[in-house]
Amino acid sequence: FPSHDTGMIYAEIDTRIISSSIRMILSINDGTINNRIQIRKTSADAIQLVIFAAGLPSVNVLSANNQSGRFKIAAAYNLNDVSFYVNGVQVSAISSATIPATNRIDFGNSLAGEFFNDHIRAAGISQRRWANAELENLTRL
């Protein structure tokens, strides 16, 4: 997995478990918690996009709280250009973001021991920053 600072991450999940802890869906990182791009379920069952660069939070956005169900999630990123979609709807567009260098992929778990323990139907990454229209189509149920 070559390091890059432009790309897209995607996951399709089917959640049935309601949990009071953070559950990692997909993380690309450098083997540390300092540089990472992650999509996860929060302790309130919202879907969250988190980006840390050099140990500092660059992006932290949440979808509405979702108890359970099927979700298609995608985030596209480039320096100062991040878009986050859930089920065909843009949750956030961010025009100020630092993107870390990454070289590792973790599915369903994190370096901090945040396990998803639910259904991941599909997951993927791209080294191309997908256009917002592509993200909308990809995540539409």
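Everything numeric here is computed off the predicted structure, so don't read it as measured data. (Residues numbered from 1 in each chain as written. Predicted model: local features only at pLDDT ≥ 70, side-chain atom pairs only at ≥ 80, totals over all residues. Heavy atoms only, no water.)

**Description of the pattern of salt bridges**
Here comes step 1: This model, assessed by the stated rule, comprises eight salt bridges.
Here comes step 2: With a shortest N-O distance of 3.1 Å, Arg128 and Glu134 are connected by a salt bridge.
Here comes step 3: According to the relative accessible area criterion, Arg128 is partly exposed, its value standing at 41%.
Here comes step 4: Residues joined by salt bridges that share partners form a network here, namely Arg23, Asp45 and Asp118. (Salt bridge = Lys/Arg side-chain N within 4 Å of Asp/Glu carboxyl O. Buried < 20%, exposed > 50% of the residue type's maximum accessible area, 1.4 Å probe, protein only.)

**A word on the sheet that holds strand β1 (residues 7-15)**
Here comes step 1: A sheet is described by the order of its strands in space; here five strands give the open sequence β8-β7-β6-β1-β10, paired in antiparallel fashion. The sheet terminates laterally at β8 (89-94) and β10 (119-126), the two strands that pair on one side only. Averaged over all pairs of adjacent strands, the angle between their axes in this sheet comes to 10 degrees, without regard to strand direction.
Here comes step 2: The pairing of strand β6 (residues 69-78) with strand β7 (residues 81-86) spans six bridges and is classified as antiparallel. The partner of Ala74 across the bridge, within β7, is Tyr85.
Here comes step 3: In the packing of helix α1 (residues 132-139) onto the sheet, contacts are made with β1, β6, β7 and β8, and the angle to β6 comes to roughly 165 degrees. (Pairing = 2+ DSSP bridges. Helix = DSSP H or I, 4+ residues; strand = E, 2+ residues; numbered from the N terminus. Axes fitted to C-alpha atoms, helices over the stretch in contact; angles between N-to-C directions. Contact = heavy atoms within 4.5 Å.)

Everything listed here is a matter of geometry and, on its own, says nothing about what the molecule does.
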